[in-house]
Amino acid sequence: MSVNRTILTLDEFTIQQLRDVPNATGELSRLLRDIGLAAKRVNVEVNKAGLVDILGDAGTVNVQGEEVKKLDIYANDQLIRVLKHGISCAGIASEELDDFVAFDDEISNKSKYVCLFDPLDGSANIDVNVSIGTIFCVYKRVTPIGTPVAMEDFLQPGHQQVAAGYVIYGSSTMLVYATRRGVNGFTLDPSIGEWTLSHPDIKCPETGRIYSVNHGNFFEYNEGVKKYITACQKKDKSNGGPYTQRYIGSMVADVHRNLIKGGIFTYPGTTSKPAGKLRLLYECNPFAFIVEVAGGKATDGTKRILDLQPTGLHQRTPFFVGSRLMMEELETYMLIS
Ligand code: AHG
Ligand code: MN
Ligand code: MN
C-alpha cells in the first residue's frame, strides 16, 4: 500500500527535525506540541465567539492599563494550564500577568525552557470578527536546572531565543514557528484536528509593496518616520507607483501578511508615547526573531531589536520589521530624524 507522506503534521515535522540533532531531548518538540494544543482550544472558542458568552470585556484592565477581553483571559489560562501540566516548561511570563510564574514543582524545575507570550493579540478585533492571534517565544533558562526559575530567565535579549512563533486565527488557523534552522507554517486541518505543514521554509521577500502603520498618529511621529511614510506614498511610476497601505490592527495578521507577501510593519513612538505601544518581550522579540530567520530585519528605528537588553517584563519599544531592502530604506530616513 502506498501512503502519502508528503503532508507532515507538526509532531511528525518536529520529530523528523530531531533526527538531525545529536543529543536532542525532544523537550522543545513537546513544548511546541503543548502550545499547539492550547492554540487549538483557543481556536475553538474564537470560532464560536459570537455564539457563547465570550465576546466583550471582562470588566478589568491588565498590567498595561488596557481593557481585558474575556478571550484574553481564556487564552492566557489555556496556555498556562497546558504548559504547567506539561513537562517541558519551567515557567512563563504573559502580557496578562504582572509578574512571571515559576511553576516550581519537581518536574517543572527540571525543565530547561521558559516561555513568554501574548495570549491574544489584536483583542480589540475579537468583537468584530477580524483576525487575531497568539504570540510566543522560548528561551533556555540561565538559572540552574532543578531550581525555580527567576526574573533573569525572562529578561534575556531576543537573540537568545531558541524558538518563537505565532498562531493566527484567520480565514484558516495557522501556527508559524521559527528556530534558528528556519521558519515553517502549519495550517490547522479541522477534519483531523492536526497542524499540517502547509508553508515549509518561509522566506520573507527581499522587498515588497506594502507598508503598515497607524496613519491616525501621523502628526505625532518623528520627522524620519513622517518622511518615510511620505516616500512610500510618493513612489513614482519607475518604482511601481505608491506603495499600498494595509493595517489590520492585529500585529499577528499584519506581520504575517507582510512576511508572506513582502512589506514593512511599523509601530513608531509618538510624541505622547515615545516608546510606542508594543511590548518588547512577547510581541516584538518573537516577530524580530521570526522575520530575521526568514531573511528580513527588525529594529527600534535604529537599533536591532534582538540586541536590546530588557529591563522589565512589560517594557515597550518602537518597532519596525519587514523585508530587508525596505528596512534598509527606512534606516536612511531614521538617520535624519
Ligand atoms: P493586544 O491586543 O495584545 O493588546 O495588542 C494589540 C496591538 C497590536 O496587535 C496591534 O498592531 C496594535 O495593538 C494596534 O494598535 P493601534 O490601534 O494603536 O494602531
Ligand atoms: Mn498584542
Ligand atoms: Mn494581547
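Structural notes, computed from the coordinates. From a predicted model like this one, the values you see are computed outputs, not experimental measurements.

Considering the packing of aromatic side chains
Moving on, step 1. Summed over the entire model, instances satisfying the criterion amount to seven aromatic pairs.
Moving on, step 2. Ring centres of Tyr 177 and Phe 186 lie 6.0 Å apart, and the angle between their planes is 10°; this geometry places the pair in the stacked category. Like Tyr 177, the residue Phe 186 is buried in the burial classification.
Moving on, step 3. Relative to Phe 219, the ring of Phe 218 has its centre 5.2 Å away and its plane inclined at 85°; by these criteria the two rings are edge-to-face.
Moving on, step 4. Among the aromatic residues, those joined into a ring-pair cluster are Phe 13, Tyr 177 and Phe 186.

Points about the coordination of the manganese ion (ligand 3)
Each angle at a metal carrying four tetrahedral donors should ideally be 109.5 degrees, and each at a metal carrying six octahedral donors should ideally be 90 or 180 degrees.
Moving on, step 1. Donor atoms from the polypeptide that coordinate the manganese ion (ligand 3) comprise Glu 95 (OE), Asp 118 (OD) and Leu 120 (O), at 2.0 to 2.3 Å from the metal.
Moving on, step 2. Here the donor residues for the manganese ion (ligand 3) map to a single chain with the spacing E-x22-D-x1-L.
Moving on, step 3. The manganese ion (ligand 2) is placed at 3.7 Å from the manganese ion (ligand 3), the two being bridged by Asp 118.

A look at the coordination of the manganese ion (ligand 2)
Moving on, step 1. Taken together, Asp 118 (OD), Asp 121 (OD) and Glu 283 (OE) make up the protein donors of the manganese ion (ligand 2), found 1.9 to 2.1 Å from the metal.
Moving on, step 2. In primary sequence terms, the donor set of the manganese ion (ligand 2) follows D-x2-D-x161-E.
Moving on, step 3. Taking relative accessible area as the criterion, Asp 118 reaches 1% and is therefore assigned buried.

Structural notes on the site of ligand 1
Moving on, step 1. As a structural note, the neighbourhood of ligand 1 is formed by 18 residues, with Asp 121, Gly 122, Asn 214, Tyr 247 and Tyr 267 the closest of them.
Moving on, step 2. Within the backbone of Leu 120, one N or O atom sits 3.3 Å away from an oxygen atom of ligand 1.
Moving on, step 3. Tyr 267 places a side-chain nitrogen or oxygen 2.6 Å from an oxygen atom of ligand 1.
Moving on, step 4. Burial of ligand 1 by the protein chains amounts to 85% of its free accessible area of 480 Å².
Moving on, step 5. If one sorts the elements of the shell around ligand 1 by residue count, strand 5 (residues 113-121) sits on top with three residues.
Moving on, step 6. For the shell around ligand 1, the per-class residue count stands at six nonpolar, five polar and seven charged.
Moving on, step 7. In this structure, the shell around ligand 1 is formed jointly by two domains, domain 1 (10-199) and domain 2 (210-334), each of which donates at least three residues.

What counts as what
- Residues numbered from 1 in each chain as written.
- Chains lettered and ligands numbered in written order.
- Predicted model: local features only at pLDDT ≥ 70, side-chain atom pairs only at ≥ 80, totals over all residues.
- Heavy atoms only, no water.
- Phe/Tyr/Trp six-rings, centres within 6.5 Å; stacked < 30°, edge-to-face > 60°.
- Buried < 20%, exposed > 50% of the residue type's maximum accessible area, 1.4 Å probe, protein only.
- Donors = N, O, S within 2.8 Å, 3.2 Å for Na, K, Ca; no water.
- Near = heavy atom within 4 Å.
- Polar contact = N/O pair within 3.5 Å; in protein donor to acceptor, adjacent residues only side chain to side chain.
- Areas by Shrake-Rupley, 256 points an atom, 1.4 Å probe, with all protein chains shown as cover.
- Helix = DSSP H or I, 4+ residues; strand = E, 2+ residues; numbered from the N terminus.
- Nonpolar A, V, L, I, M, F, W, Y, C, P; charged D, E, K, R; others polar.
- Domains from an automatic or database assignment.

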